[in-house]
Amino acid sequence: MSASFNKLFSHLQIRVFSFFAVSLLAILLIATGIESLILSRLLTLSPATQQQLHTLAEQANQYIQRKDIAGLAQWESEQAFTLYTLDPQNQAISQRAMHPHFVFKLQFSRQIQQPMGDRVRKPLIALPLADTLDDQQPLSLVVQLNADLHPAQQLNTALWTIRTIVGITVLLLFSYLLSRYLITPLQHLKRGTEALAQGKLDTRIANHFSTKEPEFYHLAAEFDHMAEQLQQGMQNQKRLLRDVSHELRTPLARQELALHLLEGQLDERHQSAIARLRAEGAQMSSLINTILDFSRLNNAYIQLNCSQFDVGALQAQIQQDCQFEAKEEQQIHWHNHDPLTLFTDRQHLCRAIENIVRNALKYAGEHCEIHIETQLVAQQLQITIADNGPGIPAEELTNLFNPFTRLDEARHSSQGGFGLGLAIVKQCMKLLAGEVVASNHPQGGLVLTLTLPVNHPNAEQEPKKTSAQLSAPLVS
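Scope of this entry: the structure provided in the associated data block. (Residues numbered from 1 in each chain as written. Predicted model: local features only at pLDDT ≥ 70, side-chain atom pairs only at ≥ 80, totals over all residues. Heavy atoms only, no water.)

## Focus on the sheet that holds strand β12 (residues 446–453)
Pairing is mixed across the open sheet formed by 5 strands, whose spatial order is β7-β9-β10-β12-β11. Only two strands of the sheet have a single neighbouring strand rather than two, namely β7 (331–336) and β11 (435–440). Each adjacent strand pair in this sheet contributes to an overall mean axis angle of 15°, direction not counted. For β7 and strand β9 (residues 369–377), the ladder comprises 6 bridges, and the chain directions are parallel. Across the sheet, the residue bridging to Q331 is E369, located in β9. The sheet contacts of helix α9 (residues 311–325) involve β7 and β9, and relative to β7 the element is tilted by about 175°. (Pairing = 2+ DSSP bridges. Helix = DSSP H or I, 4+ residues; strand = E, 2+ residues; numbered from the N terminus. Axes fitted to C-alpha atoms, helices over the stretch in contact; angles between N-to-C directions. Contact = heavy atoms within 4.5 Å.)

Right, here's the structure in full:
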């Protein structure tokens, strides 16, 4: 029976149903308790009505004090209430005739401070009088309350107001508790997912969950299993790359040594072939280093070394290094609209910009001009790098940052390169919480735009931040 019940209803369904059932029961009990506590107060005559009745009693006292029975009778008949001045035997001293129903209700007369009942009727209210006649018997003024003055007229509105306030309050409380019950596991899962996306492959979250919550616990266990498989796969991949690079570098080193020995033994007729072999080996070694570099950026957890620096100093360094590598006819121009101070990983940003500039120097032509513009746009740092080369086909813009992309139709490949430079740029910007976008200039040439999120500068921050801690670089 228990097994079949568990098949029909999960633990989470039962818990959610329990929350709603308890909240409904709490609303009923609390509302009923409050109503019972204040019901008598709600059914008591209002102060204005009580004052009105006391005024009538004072007026009756004045007639009795003057012993003006005829005037008392006329006064009673002129009032908006049905009322009589009675002796202890419930006889009207004014000799006015009382309706039999009035006489019957005298036994149920109430004091002015008593609750009037929860039904709109015409209760009789007895008010003792201070003055008496010659026989010194205590007198009382009995007033039949008009229906429109009965406090039960507003009872329904008051009770529904109480129920509404109690219902909303209890629902808000239990909604908060239910949301905490549901959101807390989701927050653990969200933090684990973010950490995994940032490269922390050793992230595990099952320890934050209890087996008493099987749905959440099983989900967390599956997440940990996925993270473990991903970590194992990444470790195997890195190990494979490391082993392959080692296996490739070893014969390359032997080849370089053999070429060096041959160079001294062969005459000049064979020197060009040896130089060609040495260049091919150097290119192969460079390819291995580039692939390993891209693999580390793409798969490993990189610790960012953030510091605060002036963009002008970064400009001078990059412009000097890249202009040294450029040909005499190639020019690099850097335009800073505003003095900027950047707080981020300088090495990765410098690497991204240099890769783009070197790529333009290779493929934009022997007489190219490269313009770099840095400015703040909509609270973002924007670095635009444009060349005056041939550009690339618009349909290839989205593939430009894919690894090993070579667009021979648009750019010449004779200058070398392995198609990893812009892929490395994309990974560097990803580490810096930014992005890179490619477009063609209307007048010709390729435009690459680096965009980094902007926050207010904070000089008190730690000089080093991991990619998990760094939500965005800071610019002023």
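## A few points about the pairing of β11
Two elements, β11 and β12, share 6 bridges in a ladder whose sense is antiparallel. For A438, the partnering residue across the bridge sits in β12 and is L448. Linkage of β11 to β12, two consecutive antiparallel strands, is achieved through a turn of 5 residues, within which G444 is found at a positive phi near 105°.

## Details of the side chain of Q144
Considering the arrangement of structural elements, one finds Q144 in strand β4 (residues 140–144). Residue classification places Q144 among the buried positions, given a relative accessible area of 15%. Leaving out residues up to four positions away in the same chain, Q144 has contacts with F81, T82, F102, K105, K122, P123 and L124. (Buried < 20%, exposed > 50% of the residue type's maximum accessible area, 1.4 Å probe, protein only.)

## Brief notes about the nonpolar core
In this structure, L349, I353, V357 and I370 are the most contacted members of the largest nonpolar core, which totals 41 residues. Within the residue set of this core, elements represented by two or more residues are α9, β7, α10 (346–363), β9, β10 (380–387), α11 (421–431), β11 and β12. When residues of this core are assigned to their parent elements, the largest contribution, 8 residues, is made by α10. Core analysis: the next-biggest nonpolar cluster, separate from the first, contains 21 residues, L53, I64, F81 and L141 among them. (Core = buried A, V, L, I, M, F, W, Y, C linked by side-chain atoms within 4.5 Å.)

## Examining the sheet that holds strand β3 (residues 124–128)
Either a parallel or an antiparallel arrangement is found when strands of a sheet pair, and the pairing is made through backbone hydrogen bonds. In spatial order, the strands read β1-β4-β3-β2; together these 4 strands make up an open sheet with mixed pairing. Single-partner strands in this sheet number two, and they are β1 (82–86) and β2 (110–111). In terms of strand pairing, β2 meets β3 through 2 bridges, oriented parallel. The residue of β3 that forms the bridge with Q111 is A126. Set on the sheet, helix α4 (residues 69–78) makes contact with β1 and β4; between it and β1 the angle comes to about 155°.

## Re unusual backbone geometry
In this structure, N90 takes a positive phi of about 60° despite not being glycine. With respect to the helices and strands, the residue N90 is situated in the loop between β1 and α5 (100–105). Judged by relative accessible area, N90 falls into the partly exposed class, the value being 37%. Positive phi is not limited to glycine here, since A433 has a value of about 60°. Mapped onto the fold, A433 is located in the loop between α11 and β11. Here A433 falls in the partly exposed class, since its relative accessible area comes to 28%.

## With respect to α4
Listed in full, the buried residues belonging to α4 are G71, L72, A73, W75 and E76. Against α3 (47–66), β1 and β4 lie the buried residues of α4. Residue D68 occupies the N-cap position of α4, its side-chain oxygen lying 2.8 Å from the main-chain nitrogen of G71. (Polar contact = N/O pair within 3.5 Å; in protein donor to acceptor, adjacent residues only side chain to side chain.)

## Some words on the environment of Y84
Relative to the helices and strands, Y84 is located in strand β1. Along the backbone, Y84 and M98 are 14 residues apart, and their C-alpha atoms lie at a distance of 8.3 Å. Setting aside anything within four residues of it in sequence, one finds Y84 in contact with E76, A92, R96, A97, M98, H99, F102, S140, L141 and V142. Here the side chain of Y84 touches A97 through a polar contact of 3.1 Å, landing on its backbone oxygen.

## Quick notes on the pattern of salt bridges
Any two side chains of opposite charge can pair, given that their charged atoms come close. For the coordinates displayed, the defined rule picks out 4 salt bridges. E76 is the salt-bridge partner of R96, the closest N and O atoms lying 3.0 Å from each other. Note that R96 is positioned in the loop between β1 and α5 and E76 in helix α4, a separation of 20 residues in sequence. By relative accessible area, which is 1% here, E76 ends up buried. Across the pair K327 and E366 runs a salt bridge, and its minimum N-O distance is 3.7 Å. (Salt bridge = Lys/Arg side-chain N within 4 Å of Asp/Glu carboxyl O.)

## Topic: the packing of α10 against α11
Where α10 meets α11, the closest approach of the two axes is 9 Å, and the angle between their N-to-C directions is 155°. For the element pair α10 / α11, the angle class is roughly antiparallel. The hand of the α10/α11 crossing is left-handed. Across the interface between the two elements, H348, R351, A352, N355, I356 and N359 of α10 pack against G421, L422, I424, V425, C428, M429 and L431 of α11. (Parallel < 35°, antiparallel > 145°, perpendicular 65-115°, else oblique. Left-handed = near helix turned anticlockwise from the far one by under 90°.)

Function cannot be read off these values alone, since they describe shape.
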